[in-house]
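# Architecture at a glance
Residues per chain are reported as follows:
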Amino acid sequence: MKKTVPLKKDLTFKNNISEIVSIALDHELNLEDRTIKGNLVISGSYSTNDENTLDFKYNIPVNIEMSDRYKLDNITIDIDDFYYEINDNKLIVSIEIGLDNLEEVLPPFKYEEEKIEKVFKEEDMPRVDTNDVKNIFDNFDDSSETYSTYKVCIVKENDNIESIILKYNITKELLEQYNDISDIKIGDKLIIPSLYETN
């Protein structure tokens, strides 16, 4: 059995954001006493209104308490989906954490409705500059069109170019502008641009 835990967080920058140049998401999540603890690590670089390029890194603390309804011996933790947008000088990230290989140990009627509590510690998140950032936008094609939102598609088993194109309602040509799709593999990250209309 698999469950998905959606998380959303606003990250504020000290400088005005013109655009995100590169972005990567990693996780340091582990199971401890029926609680998934650790950090989501978001890093990358962005350009400012005065055309400087700055690096960024944010650690987002995560604490997910799991119900006694599940056996967790074989649980695997991964990132299922990740996308972001820029609004009012904030980077708004939406992340889906996938919890796989869950096993129900007792019939559901013996429990109240399942509750997975998501707790973010609202302490100051450290901001660390880094020069060693994996750039998942290496194949980015700067064109005259402007995109405000990008989804990051993580290739899963049975995914292919046709199914991804249908899922995100884009063309193969547009997908090729942002990614090398000649040999996609499970775990690859593909950039899915979302066009907003301009006058």
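Reading the values: rules and limits
Residues numbered from 1 in each chain as written. Predicted model: local features only at pLDDT ≥ 70, side-chain atom pairs only at ≥ 80, totals over all residues. Heavy atoms only, no water. Helix = DSSP H or I, 4+ residues; strand = E, 2+ residues; numbered from the N terminus. Buried < 20%, exposed > 50% of the residue type's maximum accessible area, 1.4 Å probe, protein only. Pairing = 2+ DSSP bridges. pLDDT = per-residue confidence, 0-100. Contact = heavy atoms within 4.5 Å. Polar contact = N/O pair within 3.5 Å; in protein donor to acceptor, adjacent residues only side chain to side chain. Phe/Tyr/Trp six-rings, centres within 6.5 Å; stacked < 30°, edge-to-face > 60°. Core = buried A, V, L, I, M, F, W, Y, C linked by side-chain atoms within 4.5 Å.

### Examining the overall build of the protein chain
Of the regular secondary structure elements, the protein chain holds two helices and 11 strands. Listed by position from the N terminus, the elements making up the protein chain come as β-β-β-β-β-β-β-β-β-β-α-α-β. Burial analysis of the protein chain (199 residues in total) assigns 39% to the buried set.

### Some details on the pairing of strand E4 (residues 53-65)
In the case of a regular strand, side chains alternate between the two sheet surfaces. Here strand E3 (residues 35-48) pairs with E4 via 13 bridges, running antiparallel. Counterpart to Ser47 in the pairing with E4 is Thr53. Here E3 folds back onto E4 in antiparallel fashion, the turn holding four residues, of which Glu51 has a positive phi close to 70 degrees.

### Quick word on the confidence of the model for the protein chain
Mean pLDDT for the protein chain: 75, with 75% of residues reaching 70 or above. Confidence drops under a pLDDT of 50 for residues 108-140, and excluding neighbours within four residues, the segment shows 75 contacts in the predicted structure. Scored below 50 in pLDDT, residues 144-148 makes 13 contacts in the model with residues more than four places away or belonging to other chains.

### Observations concerning the side chain of Asn179
Looking at where Asn179 falls in the secondary structure, it is placed in the loop between helix H2 (172-178) and strand E11 (189-195). You can call Asn179 buried: its relative accessible area is 7%. At 3.0 Å, the side chain of Asn179 and the backbone oxygen of Leu175 are in polar contact. Looking at Asn179, its side chain comes within polar contact range of the main-chain nitrogen of Ile191, at 2.6 Å.

### Quick look at the pairing of E3
Counted residue by residue, E3 has 11 buried out of 14 residues, so it is predominantly covered. In this sheet, E3 lies alongside strand E2 (residues 17-32) in antiparallel orientation, the contact comprising 14 bridges. Across the sheet, the residue bridging to Leu25 is Ile42, located in E3. Between the antiparallel neighbours E2 and E3 lie two residues, among them Asp33 with a positive phi of about 50 degrees.

### Points about the packing of aromatic side chains
Scanning the entire structure with this criterion turns up five aromatic pairs. Where Phe13 meets Tyr58, the ring centres are 5.6 Å apart and the plane angle is 70 degrees; that geometry is what we call edge-to-face. Placement of Phe13 in the loop between strand E1 (3-12) and E2 and of Tyr58 in strand E4 is noted, with a sequence separation of 45 residues between them. Taken together, the aromatic side chains of Phe13, Tyr46, Phe56 and Tyr58 make up a single cluster linked through ring pairs.

### Side note on the nonpolar core
Counting residues in hydrophobic clusters, the biggest one holds 50 residues, and the most contacted among them are Leu40 and Ile97. Residues within four places of Leu40 in sequence aside, it is in contact with Leu7, Leu25, Asp26, His27, Leu29, Tyr58, Asn59, Ile60, Val62, Ile79, Ile95 and Ile97.

### Some thoughts on the side chain of Ser94
With respect to the helices and strands, Ser94 occurs in strand E7 (residues 90-100). Judged by its relative accessible area of 11%, Ser94 is buried.

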